[in-house]
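Architecture and fold: a report
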Amino acid sequence: MLYHMKDIDSSLYFGMMAKELASKIQYPKGKADADNVIASVLYIRGMYQESLQLYARALSDYKEQKDTPNVSQVTMNMGNVYLSLGDAEKGLELFRQVIRTGRRDSIMSLAYANYCMSNPSLSDDSVQYYINKTREIADIYKDHRVLIAVNELEVDLLLKKGRRMDALKLLDTTLSDARRYELDDQEIYLLSSFTRFYKNQPDSALHYAWRSYQLAKKKEYVLELIPILKDILSYTQLSGNKDRIISVQKLLENAMAEENEKLKKFVGDYIKYNTLQSDNAVLSIINKNSKAKILLLIAICVVGAFLLLFIYRLYQISRKHHRELEQLNLKILEQNKSLQVNDEFKNKLFSILAHDFRTPLIDTISIASLMKDNPGFTKEEMEAFYGNIEKQASGMLESFDTILQWIKQQLSGYRYKPETLVLYDLFSESADIVKQQLDAKKVTVSNQIPVHITATSDKEMLQFVNRNLLSNAIKFSPKGGTIVISCTQDSNSITVSVADQGQGIDELTMSKLFSVSSNFGSSTQHGAGIALSMCKDFIQKLHGRIWAKNAEPKGAVFMYAIPLVV
(Lines give C-alpha, C1' and ligand atoms only; values in the text may rest on other atoms or scores of the structure.)
Protein backbone atom coordinates (compact mmCIF):
# COMPACT_ATOMS: atom_id res chain seq x y z
CA MET A 1 0.00 0.00 0.00
CA LEU A 2 2.91 2.36 0.74
CA TYR A 3 4.14 2.12 -2.86
CA HIS A 4 0.81 2.94 -4.54
CA MET A 5 1.63 6.54 -5.32
CA LYS A 6 5.40 6.15 -5.79
CA ASP A 7 6.37 2.83 -7.40
CA ILE A 8 3.36 0.97 -8.74
CA ASP A 9 5.51 -1.94 -9.99
CA SER A 10 6.82 -2.56 -6.47
CA SER A 11 3.26 -2.39 -5.17
CA LEU A 12 2.25 -5.15 -7.61
CA TYR A 13 5.32 -7.20 -6.62
CA PHE A 14 4.57 -7.08 -2.90
CA GLY A 15 0.89 -7.74 -3.55
CA MET A 16 1.76 -10.88 -5.51
CA MET A 17 4.19 -11.99 -2.78
CA ALA A 18 1.46 -11.49 -0.17
CA LYS A 19 -1.05 -13.48 -2.25
CA GLU A 20 1.40 -16.34 -2.72
CA LEU A 21 2.23 -16.54 0.98
CA ALA A 22 -1.40 -16.23 2.12
CA SER A 23 -2.40 -19.03 -0.30
CA LYS A 24 0.46 -21.20 0.93
CA ILE A 25 -0.48 -20.93 4.62
CA GLN A 26 -4.23 -20.90 3.84
CA TYR A 27 -4.87 -17.49 5.41
CA PRO A 28 -8.21 -16.20 3.98
CA LYS A 29 -7.91 -12.61 5.26
CA GLY A 30 -4.36 -12.36 3.89
CA LYS A 31 -5.60 -13.49 0.45
CA ALA A 32 -8.40 -10.92 0.53
CA ASP A 33 -5.98 -8.16 1.57
CA ALA A 34 -3.58 -9.12 -1.25
CA ASP A 35 -6.40 -9.11 -3.82
CA ASN A 36 -7.41 -5.66 -2.53
CA VAL A 37 -3.86 -4.34 -3.03
CA ILE A 38 -3.47 -5.86 -6.50
CA ALA A 39 -6.91 -4.59 -7.56
CA SER A 40 -5.93 -1.07 -6.45
CA VAL A 41 -2.72 -1.35 -8.53
CA LEU A 42 -4.70 -2.43 -11.60
CA TYR A 43 -7.12 0.47 -11.09
CA ILE A 44 -4.27 3.00 -10.95
CA ARG A 45 -2.82 1.44 -14.14
CA GLY A 46 -6.17 1.82 -15.91
CA MET A 47 -6.99 -1.92 -16.08
CA TYR A 48 -10.51 -1.33 -14.80
CA GLN A 49 -12.22 -4.63 -15.67
CA GLU A 50 -9.42 -6.73 -14.15
CA SER A 51 -9.51 -4.45 -11.11
CA LEU A 52 -13.26 -4.98 -10.66
CA GLN A 53 -12.86 -8.76 -10.84
CA LEU A 54 -10.29 -8.79 -8.05
CA TYR A 55 -12.27 -6.29 -5.94
CA ALA A 56 -15.34 -8.52 -6.29
CA ARG A 57 -13.33 -11.54 -5.08
CA ALA A 58 -11.91 -9.59 -2.11
CA LEU A 59 -15.41 -8.27 -1.28
CA SER A 60 -16.82 -11.80 -1.19
CA ASP A 61 -14.00 -12.98 1.08
CA TYR A 62 -14.41 -10.01 3.46
CA LYS A 63 -18.17 -10.64 3.68
CA GLU A 64 -17.53 -14.29 4.51
CA GLN A 65 -15.15 -13.19 7.29
CA LYS A 66 -17.68 -10.55 8.48
CA ASP A 67 -14.96 -7.90 8.14
CA THR A 68 -17.31 -4.88 7.99
CA PRO A 69 -14.66 -2.10 7.68
CA ASN A 70 -12.96 -3.79 4.72
CA VAL A 71 -16.32 -4.58 3.10
CA SER A 72 -17.03 -0.82 3.17
CA GLN A 73 -13.56 0.04 1.88
CA VAL A 74 -13.64 -2.40 -1.08
CA THR A 75 -17.20 -1.37 -1.99
CA MET A 76 -16.04 2.25 -2.08
CA ASN A 77 -13.02 1.31 -4.24
CA MET A 78 -15.36 -0.42 -6.70
CA GLY A 79 -17.45 2.75 -6.80
CA ASN A 80 -14.33 4.72 -7.85
CA VAL A 81 -13.64 2.20 -10.64
CA TYR A 82 -17.20 2.56 -12.02
CA LEU A 83 -16.83 6.33 -11.95
CA SER A 84 -13.61 6.02 -13.96
CA LEU A 85 -15.47 3.81 -16.44
CA GLY A 86 -18.05 6.57 -16.86
CA ASP A 87 -20.83 4.71 -15.02
CA ALA A 88 -21.60 7.44 -12.48
CA GLU A 89 -24.96 5.94 -11.51
CA LYS A 90 -23.40 2.61 -10.46
CA GLY A 91 -20.46 4.31 -8.72
CA LEU A 92 -22.67 6.67 -6.69
CA GLU A 93 -25.00 3.81 -5.75
CA LEU A 94 -22.05 1.90 -4.28
CA PHE A 95 -21.07 4.99 -2.26
CA ARG A 96 -24.65 5.28 -0.98
CA GLN A 97 -24.59 1.57 -0.06
CA VAL A 98 -21.49 2.11 2.12
CA ILE A 99 -23.14 5.12 3.78
CA ARG A 100 -26.28 3.07 4.50
CA THR A 101 -24.67 -0.14 5.78
CA GLY A 102 -21.17 0.78 6.99
CA ARG A 103 -20.12 1.41 10.56
CA ARG A 104 -19.39 4.92 11.81
CA ASP A 105 -15.61 4.56 11.62
CA SER A 106 -12.74 6.28 9.79
CA ILE A 107 -13.71 4.52 6.51
CA MET A 108 -17.09 6.29 6.63
CA SER A 109 -15.40 9.71 6.47
CA LEU A 110 -13.86 8.67 3.14
CA ALA A 111 -17.24 7.44 1.92
CA TYR A 112 -18.86 10.83 2.64
CA ALA A 113 -15.95 12.68 1.00
CA ASN A 114 -15.91 10.49 -2.13
CA TYR A 115 -19.67 10.74 -2.53
CA CYS A 116 -19.50 14.51 -2.23
CA MET A 117 -16.61 14.83 -4.74
CA SER A 118 -18.18 12.44 -7.25
CA ASN A 119 -21.74 13.83 -7.28
CA PRO A 120 -21.87 17.20 -9.09
CA SER A 121 -25.67 17.27 -8.85
CA LEU A 122 -25.58 17.86 -5.09
CA SER A 123 -26.90 21.18 -3.89
CA ASP A 124 -24.62 23.52 -1.94
CA ASP A 125 -26.44 22.62 1.28
CA SER A 126 -25.94 18.90 0.62
CA VAL A 127 -22.27 19.45 -0.15
CA GLN A 128 -21.88 21.36 3.11
CA TYR A 129 -23.70 18.56 4.97
CA TYR A 130 -21.31 15.89 3.68
CA ILE A 131 -18.30 18.13 4.34
CA ASN A 132 -19.46 18.53 7.96
CA LYS A 133 -20.05 14.77 8.38
CA THR A 134 -16.61 13.97 6.94
CA ARG A 135 -14.89 16.50 9.19
CA GLU A 136 -16.80 15.29 12.27
CA ILE A 137 -15.61 11.67 11.88
CA ALA A 138 -12.07 12.61 10.80
CA ASP A 139 -11.75 14.81 13.90
CA ILE A 140 -12.66 11.83 16.12
CA TYR A 141 -9.93 9.65 14.59
CA LYS A 142 -7.39 12.53 14.19
CA ASP A 143 -7.25 11.66 10.46
CA HIS A 144 -5.24 14.64 9.21
CA ARG A 145 -5.15 13.35 5.62
CA VAL A 146 -8.95 13.31 5.36
CA LEU A 147 -9.22 16.66 7.15
CA ILE A 148 -6.93 18.20 4.51
CA ALA A 149 -8.91 16.54 1.70
CA VAL A 150 -12.21 17.83 3.06
CA ASN A 151 -10.72 21.34 3.24
CA GLU A 152 -10.07 21.03 -0.51
CA LEU A 153 -13.76 20.19 -0.96
CA GLU A 154 -14.72 23.26 1.02
CA VAL A 155 -12.38 25.41 -1.13
CA ASP A 156 -14.29 24.26 -4.24
CA LEU A 157 -17.58 25.10 -2.52
CA LEU A 158 -16.35 28.57 -1.55
CA LEU A 159 -15.17 29.24 -5.12
CA LYS A 160 -18.55 28.10 -6.40
CA LYS A 161 -20.18 30.67 -4.11
CA GLY A 162 -17.78 33.38 -5.33
CA ARG A 163 -15.95 33.71 -2.01
CA ARG A 164 -12.43 33.69 -3.50
CA MET A 165 -10.62 35.33 -0.61
CA ASP A 166 -12.10 32.86 1.90
CA ALA A 167 -11.11 30.04 -0.41
CA LEU A 168 -7.54 31.37 -0.73
CA LYS A 169 -7.22 31.74 3.04
CA LEU A 170 -8.41 28.14 3.58
CA LEU A 171 -5.97 26.91 0.93
CA ASP A 172 -3.06 28.63 2.72
CA THR A 173 -4.06 27.13 6.09
CA THR A 174 -4.49 23.65 4.59
CA LEU A 175 -1.12 23.80 2.84
CA SER A 176 0.53 24.64 6.17
CA ASP A 177 -1.24 21.66 7.79
CA ALA A 178 0.00 19.30 5.05
CA ARG A 179 3.58 20.45 5.62
CA ARG A 180 3.24 20.21 9.41
CA TYR A 181 2.04 16.61 9.23
CA GLU A 182 4.51 15.78 6.40
CA LEU A 183 1.74 14.64 4.05
CA ASP A 184 3.74 15.09 0.85
CA ASP A 185 1.07 13.79 -1.54
CA GLN A 186 -1.51 16.17 -0.07
CA GLU A 187 0.95 19.06 -0.39
CA ILE A 188 1.36 18.20 -4.11
CA TYR A 189 -2.43 18.19 -4.60
CA LEU A 190 -2.78 21.50 -2.74
CA LEU A 191 -0.12 23.17 -4.91
CA SER A 192 -2.10 21.93 -7.92
CA SER A 193 -5.21 23.47 -6.32
CA PHE A 194 -3.33 26.81 -6.18
CA THR A 195 -2.52 26.33 -9.88
CA ARG A 196 -6.24 25.97 -10.66
CA PHE A 197 -7.09 28.87 -8.37
CA TYR A 198 -4.82 31.17 -10.44
CA LYS A 199 -5.84 29.77 -13.81
CA ASN A 200 -6.67 33.29 -15.00
CA GLN A 201 -3.23 34.52 -13.89
CA PRO A 202 -0.80 32.35 -15.94
CA ASP A 203 2.37 33.51 -14.17
CA SER A 204 1.01 32.67 -10.70
CA ALA A 205 -0.50 29.41 -11.94
CA LEU A 206 2.83 28.46 -13.54
CA HIS A 207 4.67 29.27 -10.29
CA TYR A 208 2.57 26.82 -8.25
CA ALA A 209 2.61 24.19 -11.00
CA TRP A 210 6.43 24.20 -11.00
CA ARG A 211 6.47 23.96 -7.18
CA SER A 212 4.10 20.98 -7.39
CA TYR A 213 6.33 19.34 -10.02
CA GLN A 214 9.51 19.88 -8.02
CA LEU A 215 7.97 18.39 -4.88
CA ALA A 216 6.58 15.37 -6.77
CA LYS A 217 10.00 14.85 -8.40
CA LYS A 218 11.84 15.17 -5.08
CA LYS A 219 9.49 12.83 -3.18
CA GLU A 220 9.30 10.40 -6.15
CA TYR A 221 5.55 10.64 -6.76
CA VAL A 222 6.14 9.57 -10.37
CA LEU A 223 2.46 9.05 -11.21
CA GLU A 224 1.77 12.73 -10.61
CA LEU A 225 4.56 14.03 -12.89
CA ILE A 226 2.77 13.68 -16.25
CA PRO A 227 -0.49 15.47 -15.22
CA ILE A 228 1.54 18.27 -13.59
CA LEU A 229 3.79 18.66 -16.66
CA LYS A 230 0.72 18.90 -18.86
CA ASP A 231 -0.54 21.81 -16.70
CA ILE A 232 2.90 23.43 -16.86
CA LEU A 233 2.98 23.06 -20.66
CA SER A 234 -0.46 24.64 -21.09
CA TYR A 235 0.45 27.70 -18.97
CA THR A 236 3.93 27.96 -20.57
CA GLN A 237 2.31 28.04 -24.01
CA LEU A 238 0.22 31.00 -22.85
CA SER A 239 3.46 32.86 -22.07
CA GLY A 240 4.68 32.40 -25.70
CA ASN A 241 8.28 31.67 -24.64
CA LYS A 242 9.36 29.05 -27.23
CA ASP A 243 12.51 27.94 -25.36
CA ARG A 244 10.54 27.24 -22.23
CA ILE A 245 7.84 25.48 -24.23
CA ILE A 246 10.44 23.19 -25.87
CA SER A 247 12.09 22.49 -22.47
CA VAL A 248 8.76 21.53 -20.90
CA GLN A 249 7.81 19.38 -23.90
CA LYS A 250 11.09 17.45 -23.53
CA LEU A 251 10.41 16.89 -19.85
CA LEU A 252 6.89 15.65 -20.66
CA GLU A 253 8.15 13.38 -23.45
CA ASN A 254 10.81 11.85 -21.16
CA ALA A 255 8.28 11.30 -18.39
CA MET A 256 5.79 9.69 -20.79
CA ALA A 257 8.52 7.48 -22.31
CA GLU A 258 9.63 6.36 -18.88
CA GLU A 259 6.03 5.68 -17.88
CA ASN A 260 5.44 3.65 -21.08
CA GLU A 261 8.46 1.47 -20.25
CA LYS A 262 7.17 0.91 -16.76
CA LEU A 263 3.73 0.11 -18.13
CA LYS A 264 5.20 -2.54 -20.46
CA LYS A 265 7.06 -4.12 -17.56
CA PHE A 266 3.94 -3.91 -15.39
CA VAL A 267 1.82 -5.70 -18.01
CA GLY A 268 4.51 -8.39 -18.34
CA ASP A 269 4.61 -8.91 -14.59
CA TYR A 270 0.83 -9.10 -14.42
CA ILE A 271 0.73 -11.68 -17.23
CA LYS A 272 3.28 -13.77 -15.31
CA TYR A 273 1.15 -13.37 -12.19
CA ASN A 274 -1.98 -14.57 -14.01
CA THR A 275 -0.06 -17.52 -15.42
CA LEU A 276 1.13 -18.48 -11.95
CA GLN A 277 -2.42 -18.17 -10.64
CA SER A 278 -3.66 -20.50 -13.40
CA ASP A 279 -0.87 -22.98 -12.65
CA ASN A 280 -1.75 -22.84 -8.96
CA ALA A 281 -5.40 -23.54 -9.79
CA VAL A 282 -4.37 -26.61 -11.84
CA LEU A 283 -2.11 -27.80 -9.03
CA SER A 284 -4.96 -27.29 -6.58
CA ILE A 285 -7.21 -29.54 -8.69
CA ILE A 286 -4.48 -32.18 -8.91
CA ASN A 287 -3.99 -31.91 -5.16
CA LYS A 288 -7.71 -32.41 -4.56
CA ASN A 289 -7.69 -35.54 -6.77
CA SER A 290 -4.69 -36.88 -4.85
CA LYS A 291 -6.50 -36.21 -1.60
CA ALA A 292 -9.52 -38.14 -2.93
CA LYS A 293 -7.30 -41.16 -3.67
CA ILE A 294 -5.71 -40.93 -0.25
CA LEU A 295 -9.15 -40.74 1.38
CA LEU A 296 -10.22 -43.88 -0.54
CA LEU A 297 -7.16 -45.77 0.69
CA ILE A 298 -7.85 -44.55 4.24
CA ALA A 299 -11.45 -45.77 3.94
CA ILE A 300 -10.25 -49.23 2.85
CA CYS A 301 -7.82 -49.32 5.78
CA VAL A 302 -10.58 -48.27 8.18
CA VAL A 303 -12.89 -51.04 6.92
CA GLY A 304 -10.08 -53.55 7.36
CA ALA A 305 -9.43 -52.27 10.86
CA PHE A 306 -13.11 -52.66 11.73
CA LEU A 307 -13.02 -56.27 10.52
CA LEU A 308 -10.00 -56.97 12.71
CA LEU A 309 -11.72 -55.30 15.67
CA PHE A 310 -14.82 -57.42 15.09
CA ILE A 311 -12.74 -60.61 15.12
CA TYR A 312 -10.94 -59.44 18.23
CA ARG A 313 -14.27 -58.62 19.85
CA LEU A 314 -15.51 -62.17 19.25
CA TYR A 315 -12.39 -63.41 20.98
CA GLN A 316 -12.97 -61.09 23.95
CA ILE A 317 -16.55 -62.30 24.49
CA SER A 318 -15.21 -65.68 25.56
CA ARG A 319 -13.39 -63.96 28.47
CA LYS A 320 -16.07 -61.44 29.32
CA HIS A 321 -17.55 -63.19 32.36
CA HIS A 322 -14.13 -63.78 33.87
CA ARG A 323 -13.19 -60.10 33.59
CA GLU A 324 -16.55 -58.98 34.99
CA LEU A 325 -16.06 -61.16 38.08
CA GLU A 326 -12.57 -59.73 38.61
CA GLN A 327 -13.88 -56.16 38.27
CA LEU A 328 -16.71 -56.84 40.75
CA ASN A 329 -14.26 -58.24 43.29
CA LEU A 330 -11.98 -55.23 42.90
CA LYS A 331 -14.96 -52.89 43.25
CA ILE A 332 -16.10 -54.58 46.44
CA LEU A 333 -12.58 -54.35 47.89
CA GLU A 334 -12.40 -50.63 47.03
CA GLN A 335 -15.83 -50.00 48.58
CA ASN A 336 -14.74 -51.81 51.76
CA LYS A 337 -11.61 -49.67 51.96
CA SER A 338 -13.67 -46.53 51.39
CA LEU A 339 -16.16 -47.53 54.10
CA GLN A 340 -13.31 -48.24 56.50
CA VAL A 341 -11.74 -44.81 55.80
CA ASN A 342 -15.11 -43.09 56.21
CA ASP A 343 -15.72 -44.92 59.47
CA GLU A 344 -12.31 -43.90 60.81
CA PHE A 345 -12.96 -40.33 59.76
CA LYS A 346 -16.33 -40.23 61.52
CA ASN A 347 -14.88 -41.72 64.71
CA LYS A 348 -12.05 -39.23 64.68
CA LEU A 349 -14.47 -36.36 63.99
CA PHE A 350 -16.75 -37.36 66.88
CA SER A 351 -13.71 -37.62 69.14
CA ILE A 352 -12.60 -34.14 68.12
CA LEU A 353 -16.04 -32.61 68.59
CA ALA A 354 -16.52 -34.30 72.01
CA HIS A 355 -13.06 -33.27 73.16
CA ASP A 356 -12.81 -29.74 71.90
CA PHE A 357 -16.33 -28.38 72.30
CA ARG A 358 -17.87 -30.12 75.35
CA THR A 359 -15.54 -28.70 78.03
CA PRO A 360 -15.62 -25.02 76.94
CA LEU A 361 -19.41 -25.20 76.48
CA ILE A 362 -19.85 -26.61 80.01
CA ASP A 363 -17.56 -23.88 81.40
CA THR A 364 -19.48 -21.17 79.53
CA ILE A 365 -22.85 -22.52 80.77
CA SER A 366 -21.52 -22.66 84.34
CA ILE A 367 -20.32 -19.04 84.21
CA ALA A 368 -23.66 -17.92 82.71
CA SER A 369 -25.61 -19.77 85.48
CA LEU A 370 -23.37 -18.25 88.17
CA MET A 371 -23.96 -14.76 86.77
CA LYS A 372 -27.73 -15.42 86.58
CA ASP A 373 -28.03 -16.76 90.15
CA ASN A 374 -25.85 -14.01 91.70
CA PRO A 375 -26.90 -10.64 90.29
CA GLY A 376 -24.90 -8.78 92.93
CA PHE A 377 -21.47 -9.23 91.39
CA THR A 378 -19.31 -6.14 91.13
CA LYS A 379 -18.45 -4.55 87.77
CA GLU A 380 -14.90 -5.94 87.94
CA GLU A 381 -16.21 -9.45 88.60
CA MET A 382 -18.72 -9.17 85.77
CA GLU A 383 -15.96 -8.02 83.40
CA ALA A 384 -13.86 -11.02 84.45
CA PHE A 385 -16.81 -13.34 83.73
CA TYR A 386 -17.40 -11.69 80.35
CA GLY A 387 -13.70 -12.03 79.57
CA ASN A 388 -13.81 -15.76 80.36
CA ILE A 389 -16.90 -16.24 78.19
CA GLU A 390 -15.22 -14.32 75.35
CA LYS A 391 -12.06 -16.45 75.63
CA GLN A 392 -14.11 -19.67 75.65
CA ALA A 393 -16.12 -18.53 72.59
CA SER A 394 -13.00 -17.37 70.73
CA GLY A 395 -11.30 -20.68 71.42
CA MET A 396 -14.32 -22.63 70.19
CA LEU A 397 -14.53 -20.45 67.07
CA GLU A 398 -10.84 -21.01 66.37
CA SER A 399 -11.27 -24.77 66.85
CA PHE A 400 -14.37 -24.76 64.69
CA ASP A 401 -12.58 -22.94 61.86
CA THR A 402 -9.60 -25.30 62.06
CA ILE A 403 -11.84 -28.39 62.11
CA LEU A 404 -13.78 -27.12 59.13
CA GLN A 405 -10.59 -26.82 57.08
CA TRP A 406 -9.53 -30.32 58.10
CA ILE A 407 -12.99 -31.77 57.30
CA LYS A 408 -12.89 -30.07 53.90
CA GLN A 409 -9.61 -31.83 53.12
CA GLN A 410 -10.94 -35.18 54.34
CA LEU A 411 -14.25 -35.00 52.43
CA SER A 412 -12.93 -33.60 49.16
CA GLY A 413 -9.99 -35.99 49.07
CA TYR A 414 -6.33 -35.15 49.02
CA ARG A 415 -5.42 -33.13 45.93
CA TYR A 416 -1.75 -32.27 45.85
CA LYS A 417 -1.03 -29.02 43.96
CA PRO A 418 2.74 -28.68 43.68
CA GLU A 419 4.39 -25.29 43.15
CA THR A 420 7.75 -23.74 43.90
CA LEU A 421 7.53 -22.00 47.29
CA VAL A 422 9.94 -19.51 48.91
CA LEU A 423 9.81 -20.41 52.61
CA TYR A 424 10.85 -16.93 53.76
CA ASP A 425 7.86 -15.43 51.90
CA LEU A 426 5.45 -18.06 53.33
CA PHE A 427 6.27 -17.10 56.92
CA SER A 428 6.13 -13.40 56.04
CA GLU A 429 2.56 -13.95 54.76
CA SER A 430 1.67 -15.96 57.89
CA ALA A 431 3.07 -13.21 60.13
CA ASP A 432 0.87 -10.65 58.33
CA ILE A 433 -2.21 -12.81 58.99
CA VAL A 434 -1.54 -13.06 62.76
CA LYS A 435 -0.32 -9.46 63.05
CA GLN A 436 -3.20 -8.56 65.39
CA GLN A 437 -2.14 -11.31 67.84
CA LEU A 438 1.49 -10.18 67.60
CA ASP A 439 0.58 -6.56 68.27
CA ALA A 440 -1.66 -7.47 71.20
CA LYS A 441 1.22 -9.19 73.03
CA LYS A 442 3.96 -7.02 71.50
CA VAL A 443 5.70 -10.14 70.25
CA THR A 444 8.39 -9.84 67.55
CA VAL A 445 8.93 -12.40 64.78
CA SER A 446 12.55 -12.95 63.68
CA ASN A 447 12.41 -14.62 60.25
CA GLN A 448 15.91 -16.08 59.82
CA ILE A 449 15.10 -18.33 56.85
CA PRO A 450 17.52 -17.63 53.94
CA VAL A 451 15.59 -16.07 51.07
CA HIS A 452 17.05 -18.49 48.52
CA ILE A 453 15.63 -21.66 50.10
CA THR A 454 12.67 -23.04 48.14
CA ALA A 455 10.61 -26.23 48.21
CA THR A 456 8.21 -27.79 45.75
CA SER A 457 5.10 -28.55 47.79
CA ASP A 458 1.39 -27.75 48.36
CA LYS A 459 1.07 -24.12 49.46
CA GLU A 460 -2.37 -24.37 51.12
CA MET A 461 -1.39 -27.29 53.37
CA LEU A 462 2.02 -25.86 54.23
CA GLN A 463 0.57 -22.44 55.09
CA PHE A 464 -2.01 -24.10 57.38
CA VAL A 465 0.86 -25.66 59.34
CA ASN A 466 2.92 -22.43 59.36
CA ARG A 467 0.00 -20.32 60.60
CA ASN A 468 -0.84 -22.75 63.42
CA LEU A 469 2.75 -23.11 64.61
CA LEU A 470 3.17 -19.33 64.56
CA SER A 471 -0.18 -18.82 66.33
CA ASN A 472 0.76 -21.36 69.05
CA ALA A 473 4.14 -19.68 69.50
CA ILE A 474 2.42 -16.32 70.03
CA LYS A 475 0.11 -17.83 72.66
CA PHE A 476 3.04 -19.27 74.63
CA SER A 477 5.32 -16.24 74.26
CA PRO A 478 5.53 -13.71 77.11
CA LYS A 479 4.66 -10.11 76.37
CA GLY A 480 7.49 -8.45 74.47
CA GLY A 481 9.00 -11.83 73.57
CA THR A 482 10.57 -12.93 70.29
CA ILE A 483 9.66 -15.86 68.03
CA VAL A 484 12.60 -17.15 65.98
CA ILE A 485 11.90 -18.93 62.69
CA SER A 486 14.87 -20.76 61.16
CA CYS A 487 15.53 -23.37 58.50
CA THR A 488 18.18 -25.92 57.48
CA GLN A 489 18.51 -27.79 54.22
CA ASP A 490 20.31 -30.93 53.09
CA SER A 491 20.36 -32.77 49.77
CA ASN A 492 16.90 -34.35 50.26
CA SER A 493 14.85 -32.32 52.72
CA ILE A 494 14.19 -29.00 54.43
CA THR A 495 13.73 -28.66 58.20
CA VAL A 496 11.84 -25.65 59.58
CA SER A 497 11.73 -24.67 63.27
CA VAL A 498 9.56 -22.18 65.19
CA ALA A 499 10.97 -21.34 68.63
CA ASP A 500 9.20 -19.32 71.36
CA GLN A 501 10.37 -17.98 74.75
CA GLY A 502 7.55 -19.48 76.81
CA GLN A 503 7.65 -21.90 79.75
CA GLY A 504 8.23 -25.02 77.65
CA ILE A 505 6.20 -28.25 77.58
CA ASP A 506 6.01 -30.87 80.31
CA GLU A 507 6.79 -34.52 79.49
CA LEU A 508 3.19 -35.76 79.72
CA THR A 509 1.92 -33.08 77.34
CA MET A 510 4.89 -33.68 75.02
CA SER A 511 4.02 -37.39 74.74
CA LYS A 512 0.45 -36.60 73.60
CA LEU A 513 1.24 -33.44 71.70
CA PHE A 514 0.08 -34.38 68.20
CA SER A 515 -2.85 -36.62 69.14
CA VAL A 516 -6.52 -35.67 69.22
CA SER A 517 -6.72 -36.40 72.95
CA SER A 518 -4.01 -33.86 73.70
CA ASN A 519 -5.08 -30.93 75.87
CA PHE A 520 -2.07 -28.87 74.85
CA GLY A 521 -1.51 -25.73 76.92
CA SER A 522 -3.66 -23.88 79.37
CA SER A 523 -7.24 -22.84 78.87
CA THR A 524 -6.00 -19.82 76.95
CA GLN A 525 -4.57 -22.17 74.36
CA HIS A 526 -7.75 -24.20 74.00
CA GLY A 527 -7.88 -26.15 70.75
CA ALA A 528 -4.14 -26.22 70.09
CA GLY A 529 -4.11 -30.04 70.35
CA ILE A 530 -6.68 -30.32 67.57
CA ALA A 531 -4.74 -27.90 65.39
CA LEU A 532 -1.47 -29.78 65.97
CA SER A 533 -3.20 -33.07 65.16
CA MET A 534 -4.31 -31.60 61.84
CA CYS A 535 -0.83 -30.15 61.24
CA LYS A 536 0.56 -33.65 61.66
CA ASP A 537 -2.04 -34.99 59.24
CA PHE A 538 -1.10 -32.41 56.58
CA ILE A 539 2.67 -32.83 57.02
CA GLN A 540 2.29 -36.61 56.65
CA LYS A 541 0.36 -36.08 53.43
CA LEU A 542 3.32 -34.01 52.23
CA HIS A 543 5.56 -37.05 53.04
CA GLY A 544 7.18 -35.26 55.95
CA ARG A 545 7.25 -35.45 59.76
CA ILE A 546 6.58 -32.99 62.61
CA TRP A 547 7.85 -32.94 66.22
CA ALA A 548 8.59 -30.64 69.18
CA LYS A 549 11.18 -30.22 71.92
CA ASN A 550 11.99 -27.89 74.79
CA ALA A 551 14.59 -25.19 74.18
CA GLU A 552 17.40 -24.06 76.45
CA PRO A 553 17.18 -22.22 78.78
CA LYS A 554 13.40 -21.93 78.23
CA GLY A 555 10.72 -22.07 75.61
CA ALA A 556 9.63 -24.69 73.08
CA VAL A 557 10.65 -25.44 69.51
CA PHE A 558 8.20 -26.93 66.98
CA MET A 559 9.82 -28.41 63.88
CA TYR A 560 8.77 -30.13 60.68
CA ALA A 561 10.76 -31.65 57.84
CA ILE A 562 9.50 -31.99 54.27
CA PRO A 563 11.21 -33.31 51.15
CA LEU A 564 12.61 -30.75 48.66
CA VAL A 565 10.26 -32.16 46.01
CA VAL A 566 7.22 -34.32 46.74
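Structure first, text after, so check above.
These remarks concern the structure in this document. (Residues numbered from 1 in each chain as written. Predicted model: local features only at pLDDT ≥ 70, side-chain atom pairs only at ≥ 80, totals over all residues. Heavy atoms only, no water.)

Another aspect to go through is the sheet that holds strand S5 (residues 493-499). Read from one edge of the open sheet, five strands run S2-S4-S5-S7-S6, paired in mixed fashion. This sheet does not close on itself; its edge strands, each paired only once, are strand S2 (444-447) and strand S6 (545-550). For this sheet, the mean angle separating the axes of adjacent strands, direction not counted, is 15°. In the sheet, S5 pairs with strand S7 (residues 556-563) via seven bridges, with the strands oriented antiparallel. Residue pairing across strands places valine 496 opposite tyrosine 560, the latter belonging to S7. Helix H18 (residues 459-476) contacts S2, strand S4 (482-489), S5, S6 and S7 of the sheet and is inclined by roughly 170° relative to S7. (Pairing = 2+ DSSP bridges. Helix = DSSP H or I, 4+ residues; strand = E, 2+ residues; numbered from the N terminus. Axes fitted to C-alpha atoms, helices over the stretch in contact; angles between N-to-C directions. Contact = heavy atoms within 4.5 Å.)

All told, the structure shown has 12 aromatic pairs when counted by the stated rule. On the numbers, 5.9 Å between centres and 40° between planes, the contact of tyrosine 112 with tyrosine 130 is tilted. Here tyrosine 112, found in helix H6 (residues 106-118), pairs with tyrosine 130, found in helix H7 (residues 124-140); they are 18 residues apart in sequence, far enough to count as distant. You can call tyrosine 112 buried: its relative accessible area is 10%. Three or more aromatic residues link up through ring pairs in this structure, and these residues are Tyr112, Tyr115, Tyr129 and Tyr130. Here the basic side chain of arginine 164 rests over the ring of phenylalanine 197, its NZ or CZ set 4.2 Å away from the ring centre. Lying across the ring of tryptophan 547, arginine 545 places its NZ or CZ 3.9 Å from the centre. (Phe/Tyr/Trp six-rings, centres within 6.5 Å; stacked < 30°, edge-to-face > 60°. Buried < 20%, exposed > 50% of the residue type's maximum accessible area, 1.4 Å probe, protein only. Lys NZ or Arg CZ within 6 Å of the ring centre and 35° of its normal.)

Turning our attention to the pairing of S4. Side-chain direction in a regular strand flips from residue to residue, so the side chains alternate between the two faces of the sheet. In this structure, S2 lies alongside S4, joined through four bridges in parallel fashion. Within the sheet, the bridge partner assigned to serine 446 lies in S4 and is valine 484. Across six bridges, the pairing between S4 and S5 is antiparallel. Looking at the pairing, threonine 488 lines up with threonine 495 of S5.

This part covers the packing of helix H16 (residues 423-433) against H18. Angle between the axes and distance between the axes: these two values describe a pair of packed helices. Interhelical geometry of H16 versus H18 gives an angle of 55° and a closest axis separation of 9 Å. The pairing of H16 with H18 is recorded here as oblique in orientation. In this structure, H16 meets H18 at a crossing whose hand is right-handed. Contact with H16, carried on its side by Leu423, Leu426, Phe427, Glu429, Ser430, Ala431 and Ile433, involves Lys459, Leu462, Gln463, Asn466, Arg467 and Leu470 of H18 and no other residues of that element. Along the lines of polarity and charge, the residues of the contact of H16 with H18 split into seven nonpolar, three polar and three charged. (Parallel < 35°, antiparallel > 145°, perpendicular 65-115°, else oblique. Left-handed = near helix turned anticlockwise from the far one by under 90°. Nonpolar A, V, L, I, M, F, W, Y, C, P; charged D, E, K, R; others polar.)

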